Amino acid sequence: MSSPSALSLGIDIGGTFTDVVVYEHETGRSLSHKELTTPSAPHQGVITGVRRLFEREGLAYAAVERVVHATTLFTNALIERKGAPTGLITTAGFRDTLEIAREHKYELYDLHIEMPAALVPRHLRLEVPERTGPDGTILTALDEGALVARAGELVAAGVQSVAIIFLHAYANPTTEKQARAALATAYPELFVSISSDVSPQIREYERSVTTVANAYVTPLADSYLDLMTDEIRAIGIKAPLFMMLSNGGLTHVEEAKRVPIQLLESGPAAGALAGAYFGGRSSVEDVLAFDMGGTTAKLAIIDGGEPMIAHQFEASRQKRLTEGSGLPISISTIELIEIGAGGGSIAHVDPLGLIKVGPESAASTPGPACYGRGGTQPTVTDANLVLGYLDPAAFAGGTIELDVARAKAAIAPLAEQAGISIPEMAWGIHSIVNENMAAAARVHVAERGHTASRFAMLLTGGGGPLHGCEVAQRLGATRVVCPPGAGVASALGLLMAPARVDRMATVAKTISRTDWRELEGLYAQLEAEAFAVIDATLPDHPGAPRVLRSADMRFVGQGFEIVTTLPAGPYGDASAETFVEAFKAAYRQMFSQVMPLGDVEIVNIRIAASVEATSSGLASTAVAAGGASALEGRRQVWVGARKRYENVPVYGRERLAAGDAIPGPALVQEASSTLVLPADSQARVDASGSLVIDLAHADEAESCEGARTSNLNTNALS
């Protein structure tokens, strides 16, 4: 049992803001603070934000029982190519795998296409004699002398971290482990990543990219996690530090250091968990979790109350929204789409004279023009301020005072070019970014075999409530859920995360040739490995972990697989039909039909083991105030449906009570975000404290309307 003063602390470092959330176990209160991210030294923004929140609320550092942290640091290191000097040692004849890749052009007719650059240049990719066959047989023993010599060359060249990737190591990791042991003796200061630990699965290119990316960020992760642990302890917090993983689980620091590539999508994963949690509290199981911050917007599908999990995603894309233009990273991650649209996204006129928004961002430095920190280019936040959606004195909990004059001055040149007023241009920027997000979300949902209109949209992030209702209308969704504390919900999602471990192994056998006893043994081995990590993360966890088994399966002759959820074991000879039927159901969900003939192949097997990190849920934040007292005043706000400013009511979120109803147009403000209710919408506060908004049905023309003039409309939809 937690003591009355026990606290949990969540820290989420984003591209623009660092969110800090404290949850009081006894009272169920959550307290939050937004601090501008400090990109050159991310820990400084964290410690400053924690200090300010604890001093403001009179909290005791010693009362913190656990700290859960998510960061974009490692993703940014890949995008900006700011990882450690990294080398590669591989099987003789295979040093160019990273550049040969799949020989696939993501834009077929682009004569000047730029493919993703390898993280390791060719002169740092070296080979050694060794060879393992696809069945795991060692055909050529590892030459340890050559290995140590090659490593010496890399160290002399300034390499700090090495990736060891031997052919078919997924089938037999013996030589990779031998190589790691030899280098630990010869060069103990050298960081070593082996593919059989990081990505033990078939497909040489993807396995190579993932292992190299892990090696690239390992020194950064090692120093950063040590620094963050020391800084948190220095202010008086003695609780253990947990790291959020891309799969929506948390783990202890040493496991995070071992395979830091697992942390790449930790922040967005927390937002998806928050979406699933708050959707469930409002009895909505099918949710599009829409999280929009200062730099990017993310959307995750919550189907039946569970986030969808993918086992590969692309990092560091040459073109942010173009599939195939990035580095394929083979890790388990909550499946989501990231869109280059946030509060800091910069609006500009392209060479054709069309108005575009993003993907370039003003981020936290210098930030939007209205921050008064040196930014001069017009951003989405500047547009929202001009439209009246933001309170200049209360933005980000009052930590930043916004300058309306600067925002107007930044937008004015674009308005002059388009021959329209500044408010019309601001509405155009707002509408363009909404359509960009809706268009990307529409495709993402359809590609997963779903229709967007059957989902409710759940809004998180500082920008989610500002834009979410209109994005939902464009998608055809009729219901929106906005939880309390929406602006810091990703950080709050950290405190809901279970301890989770994903493990996989390559099998590559047809159903007809599967030894079911052997397969059951492989699953049991993966589960034992996962349980050991969970026990190290939460030594006192209550009850047995929950285990989900799955497999990557395909019809024989197909090039790629479908991840298929399987029933619990143990498996035996009678399991063949069960596996085939499960695969056909997954195939039908994806493609709407199933091939009539053909044997089925199991390529990889997977397990996901998880256990809840805390037994207490978050309490409702709805209070017993009356609706009348929640009205804080009125202000001039642009109403898009009517193309004019109107005197719109503004409500204080913290004073709304369960059962209160608010008709649109209206604004609902809280410290971390502002909800924009469009005309003809109706919002009510449900029993959990979330605002549930029913949107008016809009035809396609209305939902895609971007601005007042046909000229601007053409630009917005081009």
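The rules behind these values
- Chains are numbered independently. Their residues run from 1 in the order of the written sequence.
- Only residues with pLDDT of 70 or above have their local features reported here, since the model is predicted, and side-chain atom pairs are shown and tallied only from 80 upward, although totals for entire chains, interfaces and linings are computed over all residues.
- Excluding hydrogens and water, the side-chain figures rest on all heavy atoms present in the structure.
- Helix numbering and strand numbering both begin at the N terminus, where a helix is a DSSP run of H or I of at least 4 residues and a strand a DSSP run of E of at least 2.
- In this setup the radius of gyration rests on C-alpha atoms only. A globule is expected at 2.2 Å times the number of residues raised to 0.38.
- Throughout this description, buried means an accessible area under 20% of the type-specific maximum (1.4 Å probe, protein chains only), exposed means over 50%, and partly exposed covers the range between.
- For the accessible areas, the method is Shrake-Rupley and the probe is 1.4 Å, while residue cover comes only from the protein chains on display.
- Positive: Lys, Arg. Negative: Asp, Glu. His and the chain ends are not part of the count.
- Charged groups are reduced to one reference atom each: NZ for lysine, CZ for arginine, CG for aspartic acid, CD for glutamic acid.
- Lines are fitted to the C-alpha atoms to define the axes, a helix being fitted only along its stretch in contact, and any angle between axes, read from their N-to-C directions, falls within 0 to 180 degrees.
- Should an angle lie under 35 degrees it is considered roughly parallel, over 145 roughly antiparallel, and from 65 to 115 roughly perpendicular; all remaining angles are considered oblique.
- Contacts are assigned to residue pairs that have any heavy atoms within 4.5 Å of one another.
- Residue classes follow a fixed rule: Ala, Val, Leu, Ile, Met, Phe, Trp, Tyr, Cys and Pro count as nonpolar, while Asp, Glu, Lys and Arg count as charged, and any other residue, Gly among them, counts as polar.
- A helix's residues, less one, multiplied by 1.5 Å, set its expected span.
- When DSSP locates at least two bridges between a pair of strands, those strands are taken to pair.
- When the centres of two rings from Phe, Tyr and Trp lie within 6.5 Å, Trp using its six-membered ring, the rings pair. Their planes under 30 degrees apart give stacked, over 60 give edge-to-face, and anything left gives tilted.
- Note on terminology: a nonpolar core comprises buried Ala, Val, Leu, Ile, Met, Phe, Trp, Tyr and Cys residues joined through side-chain atoms within 4.5 Å.
- Any N or O atom pair separated by 3.5 Å or less is treated as a polar contact, with the protein-specific requirement of one donor-capable and one acceptor-capable atom, and with residues adjacent in sequence counted only for side-chain atom pairs.
- Salt bridge, as used here, is a side-chain nitrogen of Lys or Arg placed within 4 Å of a carboxyl oxygen of Asp or Glu.
- Disulfide assignment relies on a single distance test, namely cysteine sulfur atoms paired within 2.5 Å.
- One number per residue, pLDDT, summarises how confident the predictor is, and it ranges from 0 to 100.

This brings us to the overall build of the protein. Looking only at helices and strands, one finds 19 helices and 35 strands in the protein. Its C-alpha atoms give the protein a radius of gyration of 26 Å, near enough to 27 Å, the size a compact globule of 718 residues would have. Principal axes of the C-alpha set define a box for the protein whose edges measure 80 × 65 × 60 Å. Looking at the protein as a whole, 58% of its 718 residues qualify as buried. For the protein, the accessible area works out to roughly 28100 Å², and carbon and sulfur atoms hold 52% of it. For the protein, the separation between the mean place of its 57 positive charges and that of its 81 negative charges on side chains is 2 Å.

Between helix α11 (residues 404-418) and helix α12 (residues 422-447), whose axes approach to 8 Å, the crossing angle comes to 95 degrees. If you check the angle between α11 and α12, you find them roughly perpendicular. Residues K408, I411, A412, L414, A415 and A418 of α11 form the contact with α12, whose participating residues are I422, M425, A426 and I429. Class assignment for the residues of the contact of α11 with α12 results in 9 nonpolar, no polar and 1 charged.

What follows covers helix α16 (residues 575-591). Counted at 1.5 Å a residue, the expected span for α16 with its 17 residues is 24 Å, and the 24 Å between its end C-alpha atoms agrees. Those residues of α16 hidden inside the fold are in contact with α15 (516-537), β26 (546-555), β27 (562-566) and β28 (600-611). Count one or two residues on from α16 and you reach S592, which has phi positive near 75 degrees.

Another aspect to go through is the pairing of strand β9 (residues 161-165). Most of β9 sits inside the fold, with 5 of its 5 residues counted as buried. Where burial is concerned, the two faces of β9 agree: the one with S161, A163 and I165 and the one with V162 and I164 are both buried. As defined by bridge partners, strand β5 (residues 86-91) adjoins β9 across 5 bridges and the pair is classed as parallel. Across the sheet, the residue bridging to T86 is S161, located in β9. The pairing of β9 with strand β10 (residues 191-194) spans 4 bridges and is classified as parallel. By the bridge assignment for β10, S161 is matched with F191.

For the structure shown, the criterion picks out 13 aromatic pairs. With 6.2 Å between their ring centres and 85 degrees between their planes, F74 and Y224 make a pair best called edge-to-face. With a gap of 150 residues between them, F74 in helix α2 (residues 73-79) and Y224 in helix α7 (residues 204-234) connect regions that are remote in the sequence. Residue F74 is classed as buried on the basis of its relative accessible area, which comes to 0%.

A separate point is the sheet that holds strand β30 (residues 644-652). Strand order across the open sheet formed by 4 strands is β29-β30-β32-β33, with mixed pairing between neighbours. Two strands bound the open sheet, and with one partner strand each, they are β29 (631-639) and β33 (673-677). The average angle at which neighbouring strand axes cross in this sheet is 30 degrees, direction not considered. Inspection of the sheet shows strand β32 (residues 666-670) paired to β33 by 5 bridges, in the antiparallel sense. Among the inter-strand pairings, V668 is bridged to a residue of β33, identified as L675.

So, on to the environment of K356. On the secondary structure map, K356 appears in strand β22 (residues 355-361). Exposure remark for K356: the relative accessible area of 24% places this residue in the partly exposed category. Placed 76 residues apart in sequence, K356 and I432 show a C-alpha to C-alpha distance of 7.4 Å.

Let us now look at the sheet that holds β9. The strand order across the open sheet formed by 4 strands is β6-β5-β9-β10, and the pairing between neighbours is parallel. Two strands lie at the open edges of the sheet, namely β6 (125-128) and β10, each paired on one side alone. Neighbour-to-neighbour, the strand axes of the sheet open up by a mean angle of 25 degrees, direction not taken into account. Across the sheet, helix α4 (residues 144-156) touches β5, β6 and β9, and the angle it forms with β6 is around 170 degrees.

Right, let's talk about the nonpolar core for a bit. In terms of nonpolar packing, the biggest core is built from 77 residues, with M457 and I693 touching the most fellow members. Per-element tally for this core: the top contributor is α12, with 11 residues. In this structure, I11, L88, I89 and A239 belong to the second largest nonpolar core, which totals 74 residues.

Positionally, E35 belongs in strand β3 (residues 30-36). Within polar-contact distance, the side chain of E35 engages the side chain of H33 at 2.8 Å. Side-chain polar atoms of E35 contact the side chain of R52, separated by 2.9 Å.

Okay, the pattern of salt bridges next. This structure, assessed with the given rule, holds 39 salt bridges. The partner of R503 in a salt bridge is E255, and the shortest N-O contact between them spans 3.6 Å. Of the two residues, R503 is situated in strand β25 (residues 499-510) and E255 in helix α8 (residues 253-258); the sequence distance between them amounts to 248 residues. By relative accessible area, which is 16% here, R503 ends up buried. Residue E520 is joined to R549 by a salt bridge in which the shortest nitrogen-to-oxygen separation is 2.9 Å. Taken as a pair, E520 in helix α15 and R549 in strand β26 lie far apart in primary sequence, 29 residues in all. Both residues of the pair, E520 and R549, count as buried.

This part covers the environment of A215. Among the secondary structure elements, A215 is positioned in helix α7. A relative accessible area of 0% means that A215 is categorised as buried. When the C-alpha atoms of A215 and T229 are compared, they prove to be 21 Å apart, with 14 residues separating the residues in sequence. Beyond its immediate chain neighbours, meaning those up to four positions away, A215 contacts T86, S161, V162, A163 and S193.

Overall, the coordinates contain 0 disulfides when judged by the stated rule. As a non-bridged cysteine, C482 has C469 as the owner of its nearest cysteine sulfur, 7.8 Å distant.

On to the confidence of the model for the protein, then. In this model, the protein carries an average pLDDT of 87, and 93% of its residues clear a pLDDT of 70 or more. Below a pLDDT of 50 lies the segment residues 620-627, which in the model reaches 23 contacts outside its immediate sequence neighbourhood of four places, other chains included. Taken together, the stretch residues 698-718 has pLDDT below 50 and engages in 39 contacts with residues farther than four places along the chain or on a different chain.

Here E601 lies in strand β28. Those residues in contact with E601, other than ones at most four positions away along the chain, are A508, K509, T510, D552, M553, R554 and V556.

Within the secondary structure, A497 sits in the loop between α14 (489-494) and β25. For A497, a relative accessible area of 1% translates into the label buried. Between the C-alpha atom of A497 and that of A270, which follows or precedes it by 227 residues, the distance is 7.5 Å. The residues touching A497, leaving out its near neighbours within four places in the chain, are M244, G248, L250, L273 and A613.

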